[in-house]
Amino acid sequence: MEYVESTKAFYEAQKVFPGGVNSPVRAFGAMERDPIFIEKGEGAYLYDVDGNHYLDYVLSWGPLVLGHSDSRVVDAIVEQANKGTSYGATTPIETELGILLQSLYPSMEQLRFVNSGTEATMSAIRLARGYTGRKRIVKFSGCYHGHGDSFLVEAGSGVATYGTSNSAGVPEEIANLTSTLPYNDMAALEDFFELHGNEVAGVIIEPVAGNMGLVPSNYIFLQRIRQLTEEFGALLIFDEVMTGSRAAYRGAQEAYSIQPDITTLAKVIGGGLPCAAYGGKREIMAFVSPLGSVYQAGTLSGNPLAMAAGLATLKNYHEEDFNQLVNYVERLKEAVLSLAEQYALPVQFQSFGSMFSIFFSETPVENYADAQASNQEMFKRFFSGLLDLGIYIPPSQYETLFVSTKHGEVEFQLTVEAIDKVFQSLCRK
Ligand SMILES: Cc1ncc(COP(=O)(O)O)c(C=O)c1O
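Residues numbered from 1 in each chain as written. Predicted model: local features only at pLDDT ≥ 70, side-chain atom pairs only at ≥ 80, totals over all residues. Heavy atoms only, no water.

What to know about helix α1 (residues 4–16)
End to end, α1 covers 19 Å across 13 residues, agreeing with the expected 18 Å (1.5 Å per residue, within 8%). For α1, the full list of buried residues reads Ser6, Phe10 and Ala13. Seen end-on, α1 carries its buried residues on one side only, within an arc spanning 65 degrees. The exposed set on the far side of α1, more than 90 degrees from its buried face, consists of Tyr11 and Lys15. (Helix = DSSP H or I, 4+ residues; strand = E, 2+ residues; numbered from the N terminus. Expected span 1.5 Å × (residues − 1). Buried < 20%, exposed > 50% of the residue type's maximum accessible area, 1.4 Å probe, protein only. Arc of directions from axis to C-beta.)

And the structure:
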């Protein structure tokens, strides 16, 4: 494949944007090659500026459950755009999408629309602090909750230590208010709550982590978090930005039968347009302005184009569609593991619902340390090999792959053939 036009476009973009991108992972930095520049997306495929096309397993990092430019979503956006793109005033379609979300996520007795996952999680922890009158937030290593100051924090040494930021520009005073615990580590969780449980405003977790590759939480661990937060009067926040409509049709809270106090959603609910939400128990949401004293607002919140795209997506994405995606992933898992065995490669295919990732590791990946210990060099070659064969997966080991309703039999076969070739090349070197 030729990437001449993409290379030129990247050169131009670097004059305008830091690193040539508007979100870091798009720079392909970890893969040590230049990024592709996209011209259009259609169904399960992306087309770049050189005229190459790729079977897409990134799907805009999750939102596109119906694939690219689904005609029902596009028509809904066009119809709404003809009536105006933003009013800065309330519209009935906000309520319509809100009611639809409430029916899917009964724990969201009330909710508020915002514009990005980051905005949803930042608002959720402000609400947890406002509601409990406490300051401390607990998160888990390897989980990503957007780029809010309170989330760009690493674990200090020992579970009881205060966090330190992993981004310049985050004041120490803010980082100190976040504690980061190891994922799926029951002893660390219990020890922490014993010492600090009374300080905790909220515990935020990706119930199925998708930001260290795909790593599901252990059911007993998640259940223990639910118990401890209840016992200590802290709020449990499920960050379902990625898992909503994907871990199960009604999100990870359905899969695990655990009700959080607050849920954050984004990605699928906006059908590829900027849209997110946070919501929870009515009593907690009553703290949000203008009803309550926790301030949060947005010029474009509940934007009519995003509402139209979200509604068109969710109304055309039924439980059977979700099951079709799960079936695709399960068949792929079987095929990939059989190829791995044939080529004697140490492969872990980790999946949950319509999300999956592939680690080159002898043992299952259960937390961030395991993900870091997997063979990154092999992943890099895997990524590049697939890209050159027209299969686009996330340019990072620490991301998740997604499928859409447009991924059918042809796409399945293409993928298996490409993985066969790449695995073969991995074992030759
Ligand atoms: C679980 C999770 N939470 C929050 C975010 C942040 O969302 P956004 O990129 O829309 O700000 C992401 C982004 O990928 C995410 O995966």
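Let's talk about the packing of helix α13 (residues 376–388) against helix α14 (residues 409–428)
Packing of α13 against α14 leaves a shortest axis separation of 9 Å and a crossing angle of 135 degrees. Put simply, α13 runs oblique to α14. Relative to α14, α13 is oriented so that their crossing is right-handed. Residues Met378, Arg381, Phe382, Gly385 and Leu386 of α13 pack against Ala418, Ile419, Val422, Phe423, Ser425 and Leu426 of α14. Split by residue class, the contact of α13 with α14 holds 8 nonpolar, 2 polar and 1 charged. (Axes fitted to C-alpha atoms, helices over the stretch in contact; angles between N-to-C directions. Parallel < 35°, antiparallel > 145°, perpendicular 65-115°, else oblique. Left-handed = near helix turned anticlockwise from the far one by under 90°. Contact = heavy atoms within 4.5 Å. Nonpolar A, V, L, I, M, F, W, Y, C, P; charged D, E, K, R; others polar.)

So, the UniProt feature "modified residue: N6-(pyridoxal phosphate)lysine" (unreviewed entry) in the protein chain
In the UniProt entry, the feature "modified residue: N6-(pyridoxal phosphate)lysine" (unreviewed entry) is given for Lys267. Within the secondary structure, Lys267 sits in the loop between β13 (262–265) and β14 (276–280). Of the residues examined, Lys267 reaches a relative accessible area of 23% and is grouped as partly exposed. Once you skip the residues sitting within four places of it in the chain, Lys267 turns out to touch Trp61, Gly62, Pro63, Val241, Met242, Gly272 and Cys275. (UniProt positions renumbered as here; feature names shortened; annotations may be inferred.)

Examining the site of the ligand
The local shell around the ligand consists of Ser116, Gly117, Thr118, Tyr144, His145, Gly146, Glu206, Asn211, Asp239, Val241, Met242 and Lys267. Gly117 is positioned with one of its backbone polar atoms (N or O) 2.8 Å from an oxygen atom of the ligand. At 2.6 Å from an oxygen atom of the ligand is found a side-chain nitrogen or oxygen belonging to Thr118. In the shell around the ligand, the residues fall into 3 nonpolar, 6 polar and 3 charged. (Near = heavy atom within 4 Å. Polar contact = N/O pair within 3.5 Å; in protein donor to acceptor, adjacent residues only side chain to side chain.)

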